[in-house]
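Below, each chain spelled out in residue letters.
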Amino acid sequence: MQRDMKWRTLKSEYLIRRPWLTARRDTVELPTGVVNDEYYVLEYPTWVNILAVTAAGEYVFVRQYRHGLGETCMEIVAGVCEDGEEPEASARRELMEETGYAGGEWHELMTVSANTSTMNNVTHCFLATGVEKVGSQHLDRTEDIEVHLLTEDEAFALLTGGKIRQSLMAAPMWKYFYEKRIGG
């Protein structure tokens, strides 16, 4: 029998509550009785990302500047689940908004966490195959995104060459290429 290792929250205090950053400080008690009065948690909504492949076998990537790293990066499409929106619906919306691509067959590759220790959300990672260009981008005012269609070899080279910097994007890509190329 496994013991319950869940911590008990004795107190929570929000330090900042902004649209893209919410941080709280918890006072927690471990099952051992030890109290940690400064445990920090970053709260985020559920995220989604999409490895999209066109009917012609092209991989839909986006290129955008990422201020945290100070780099312009190639990435798969990603975004936030709106309140009450199912992850696949969010993923379909994000793909359409950022690239103008839609349709195809969809399935969830995996669900991952950026940091299980200090972040409270997960990322649902989808594979969409057979997508087609059906419209134009509908970007938010703060988005500056270029769409790029890559061959499978180019997409794989980005991954193996360390050019996919976002771990939540690299993980489903590694799984996809493993299953496609090695795992059968």
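Right above here is the structure, for reference.
Rules of the game
Residues numbered from 1 in each chain as written. Predicted model: local features only at pLDDT ≥ 70, side-chain atom pairs only at ≥ 80, totals over all residues. Heavy atoms only, no water. Helix = DSSP H or I, 4+ residues; strand = E, 2+ residues; numbered from the N terminus. Buried < 20%, exposed > 50% of the residue type's maximum accessible area, 1.4 Å probe, protein only. Contact = heavy atoms within 4.5 Å. Areas by Shrake-Rupley, 256 points an atom, 1.4 Å probe, with all protein chains shown as cover. Pairing = 2+ DSSP bridges. Axes fitted to C-alpha atoms, helices over the stretch in contact; angles between N-to-C directions. Polar contact = N/O pair within 3.5 Å; in protein donor to acceptor, adjacent residues only side chain to side chain. Phe/Tyr/Trp six-rings, centres within 6.5 Å; stacked < 30°, edge-to-face > 60°. Lys NZ or Arg CZ within 6 Å of the ring centre and 35° of its normal.

Draft legend 1. Local environment of the overall build of the protein chain. Assigned secondary structure in the protein chain consists of 3 helices and 11 strands. Along the protein chain, helices and strands appear, N-terminal first, in the series β-β-β-β-β-β-β-α-β-β-β-β-α-α. Taken along its principal axes, the extent of the C-alpha atoms in the protein chain is 60 × 45 × 30 Å. With 184 residues in all, the protein chain has 35% of them scored as buried. Look at the contacts in the protein chain between residues 6 or more apart in sequence, and 57% of them connect residues 24 or more apart. Carbon and sulfur atoms make up 49% of the accessible area of the protein chain, which totals about 11000 Å².

Draft legend 2. Structural detail: the sheet that holds strand E3 (residues 35-43). Strand order in this open sheet of 3 strands is E1-E2-E3, and the pairing throughout is antiparallel. With one partner strand each, in any of the chains shown, strand E1 (8-18) and E3 form the two edges of the open sheet. Between one strand axis and the next, the sheet turns by 20° as a mean value, whatever way the strands run.

Draft legend 3. Summary view of the environment of Glu132. Take Glu132: it is sitting in strand E10 (residues 123-133). Between the alpha carbons of Glu132 and Glu143 there is a distance of 22 Å; along the sequence they are 11 residues apart. The contact partners of Glu132, leaving out residues within four places of it in the chain, are Ala55, Gly100, Tyr101 and Ala102.

Draft legend 4. Local environment of the environment of Glu71. With respect to the helices, strands and loops of the structure, Glu71 is situated in strand E6 (residues 71-75). Dropping the residues within four chain positions of it, Glu71 is found in contact with Gln64, Tyr65, Arg66 and Arg165. Within the structure, Glu71 has its side chain in polar contact with the side chain of Arg165 (distance 3.5 Å).

Draft legend 5. Inspection of the packing of aromatic side chains at higher detail. Scanning the model with the defined rule gives 7 aromatic pairs in all. With a centroid separation of 6.0 Å and 25° between ring planes, the pair formed by Tyr59 and Phe177 is classed as stacked. Here Tyr59, found in strand E5 (residues 59-66), pairs with Phe177, found in helix H3 (residues 167-182); they are 118 residues apart in sequence, far enough to count as distant. Judged on exposure class, the residue Tyr59 and its partner Phe177 are both buried. Members of the aromatic cluster, joined through ring pairs, are Tyr59, Phe156, Tyr176 and Phe177. If you follow Arg17 out to its NZ or CZ, it ends over the ring of Tyr14, 3.6 Å from the centre. The ring of Phe156 is capped by Arg181, whose NZ or CZ atom sits 4.1 Å from the centre of that ring.

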